[in-house]
Amino acid sequence: MTPPMSTFPDQFRLNGRTALITGSARGLGWEMAKGLAEAGARVLLHGRDRARLEPRLGELKAAGFAADAVAFDVADRAAMAAAIAGAPDIDILIHNVGERDRRPFHEIDHEAFSRLIDVDLLAAHALVKRLVPGMIERKWGRLIMVTSIVADLAIPNASSYATAKAGLTSMARALAAEYGATGVTSNALAPGFFATETNERMIASPNGEHHRARSPAKRWARPEEITGAAIFLASPAASYVNGHTLVVDGGVSATYLA
Ligand SMILES: NC(=O)c1ccc[n+]([C@@H]2O[C@H](COP(=O)([O-])OP(=O)(O)OC[C@H]3O[C@@H](n4cnc5c(N)ncnc54)[C@H](OP(=O)(O)O)[C@@H]3O)[C@@H](O)[C@H]2O)c1
């Protein structure tokens, strides 16, 4: 007998799934973590500092959501390995950690360029390598790499960051090709210009005003506007969405003049 079809709202629910959202003490990571918890997932918050994660964890638990936290610097692979070994089985990875270096290309020395590539790109390889075998074994998984529209659209003073994000986009596609038949999907989620804490200074600058005016929406994105896209990619509704880059930028990358 054909199993009954789940209703559309049910296909966006994440009950019974555990999600690790890296870099989720603030900014877009926190918004996505809250959203996934509301959609029913057990959420694992992550950041470098346990003390910064505690209040966030408290907020989720006070709202009645299942949540826990892991703390490690993604540059420290031994700490990453230990934290993942002690964590529950992870079904959904939203890899959201991303550091920036907003200096001109010629001012970034080899060490700084390498370090950013390590944190923003190579750490994803280390993390996926640890998580994907379990996902394959359980025949279900979601890999979601948070990239950026600057992976495709160059802007000044973002060279190492853009290079890393382009690599991450490509890695998401490569993983889709390798694991497509296993029940594991892999996609990139590419934000445009979001008004997170990290961007506060830039928003107030002439550059920030340029980004606002360049957007068809004539405003920066609110951090919570990333959440629906993350829930969608993580959900059963996206079972046949694989190797895709979902852009959430208010139309910036679709337009030349706005
Ligand atoms: N905001 C935007 O406009 C925008 C646009 C395009 C793409 N993105 C991407 O979206 C993601 C989130 O952006 P955001 O603005 O929300 O960033 P954010 O506010 O700077 O948050 C970054 C998070 O990553 C964590 N993190 C940074 N380096 C880490 C490391 N080495 N090890 C472990 N955790 C580390 C931070 O944790 P701690 O608590 O330890 O500091 C923080 O929670 C990033 O990947 C960014 O590149 C953002």
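Residues numbered from 1 in each chain as written. Predicted model: local features only at pLDDT ≥ 70, side-chain atom pairs only at ≥ 80, totals over all residues. Heavy atoms only, no water.

(A) Summary view of the pairing of strand S4 (residues 92–95). Residue alternation in S4 divides its side chains into two sets, Ile92 and Ile94 and Leu93 and His95, and both sets are buried. For strand S1 (residues 18–21) and S4, the ladder comprises three bridges, and the chain directions are parallel. Looking at the pairing, Leu20 lines up with Leu93 of S4. Looking at chain direction, S4 and strand S5 (residues 141–146) are connected through four bridges and run parallel. Pairing of Ile94 across the sheet is with Ile144, part of S5. Regarding topology, helix H5 (residues 110–138) serves as the crossover connection from S4 to the parallel S5, and that connection is right-handed. (Buried < 20%, exposed > 50% of the residue type's maximum accessible area, 1.4 Å probe, protein only. Helix = DSSP H or I, 4+ residues; strand = E, 2+ residues; numbered from the N terminus. Pairing = 2+ DSSP bridges. Right-handed = clockwise from strand over helix to strand, strands pointing away.)

(B) Quick peek at the environment of Phe72. For Phe72, the location among the structural elements is in the loop between strand S3 (67–71) and helix H4 (77–85). In this structure Phe72 comes out as buried when scored by relative accessible area, which is 2%. For the pair Phe72 and Ala25, spaced 47 residues apart in sequence, the C-alpha to C-alpha distance is 12 Å. Those residues in contact with Phe72 that sit more than four places away from it in its chain are His46, Gly47, Arg48, Ala79, Met80, Ala83 and Leu127. (Contact = heavy atoms within 4.5 Å.)

(C) Spatial organisation of the sheet that holds strand S6 (residues 184–191). With parallel pairing, seven strands are arranged side by side in an open sheet as S3-S2-S1-S4-S5-S6-S7. The strands lining the two open edges of the sheet, one partner per strand, are S3 and strand S7 (245–248). The average angle at which neighbouring strand axes cross in this sheet is 20°, direction not considered. Packing of helix H2 (residues 27–38) onto the sheet brings it into contact with S1, strand S2 (42–47), S4, S5 and S6, and relative to S2 it is tilted by some 165°. In the packing of helix H3 (residues 50–62) onto the sheet, the strands contacted are S2 and S3, and the crossing angle to S3 comes to about 170°. (Axes fitted to C-alpha atoms, helices over the stretch in contact; angles between N-to-C directions.)

(D) Local environment of the site of the ligand. In the vicinity of the ligand lie 31 residues, with Arg26, Asn96, Tyr161, Thr196 and Thr198 positioned nearest. In this structure, Glu99 approaches the ligand through a side-chain N or O atom, which is 2.7 Å from a nitrogen atom. Contact with the protein chains covers 97% of the free accessible surface of the ligand, which is 880 Å². Taken together, the elements giving at least two residues each to the shell around the ligand come down to H2, S2 and helix H6 (159–179). Considered class by class, the residues forming the shell around the ligand number eleven nonpolar, 13 polar and seven charged. (Near = heavy atom within 4 Å. Polar contact = N/O pair within 3.5 Å; in protein donor to acceptor, adjacent residues only side chain to side chain. Areas by Shrake-Rupley, 256 points an atom, 1.4 Å probe, with all protein chains shown as cover. Nonpolar A, V, L, I, M, F, W, Y, C, P; charged D, E, K, R; others polar.)

(E) Highlighting the packing of aromatic side chains. In the structure shown here, the tally under the stated rule is three aromatic pairs. Taken together, a centroid distance of 5.8 Å and an interplanar angle of 65° make the contact between Phe193 and Trp220 edge-to-face. Note that Phe193 is positioned in the loop between S6 and helix H7 (200–203) and Trp220 in the loop between helix H8 (206–214) and helix H9 (227–234), a separation of 27 residues in sequence. With a relative accessible area of 17%, Phe193 lands in the buried category. The residue whose ring lies beneath Arg17 is Trp140, and the NZ or CZ to ring-centre distance is 3.7 Å. (Phe/Tyr/Trp six-rings, centres within 6.5 Å; stacked < 30°, edge-to-face > 60°. Lys NZ or Arg CZ within 6 Å of the ring centre and 35° of its normal.)

(F) Quick peek at the environment of Leu175. As for its position among the elements, Leu175 is in helix H6. A sequence separation of twelve residues divides Leu175 from Asn187, and the C-alpha atoms of the two residues are 8.5 Å apart. Sequence-distant contacts of Leu175, that is, excluding residues within four places in its chain, are made with Val128, Leu143, Met145, Gly180 and Ser186.

(G) Structural view of the nonpolar core. By size, the foremost hydrophobic cluster in this structure holds 37 residues, and its most contacted members are Leu20, Met80, Leu93, Leu131, Leu143 and Met145. Within the residue set of this core, elements represented by two or more residues are H4, H5, S5, H6 and S6. Ranked by residues supplied to this core, first place goes to H5 with twelve residues. Here Leu143 is in contact with Leu93, Val128, Val132, Met135, Leu175, Val184, Thr185, Ser186 and Asn187, once residues within four sequence places are set aside. One finds Ile21, Ala25, Leu53 and Ala229 within the second-largest nonpolar core, a separate group that totals 34 residues. (Core = buried A, V, L, I, M, F, W, Y, C linked by side-chain atoms within 4.5 Å.)

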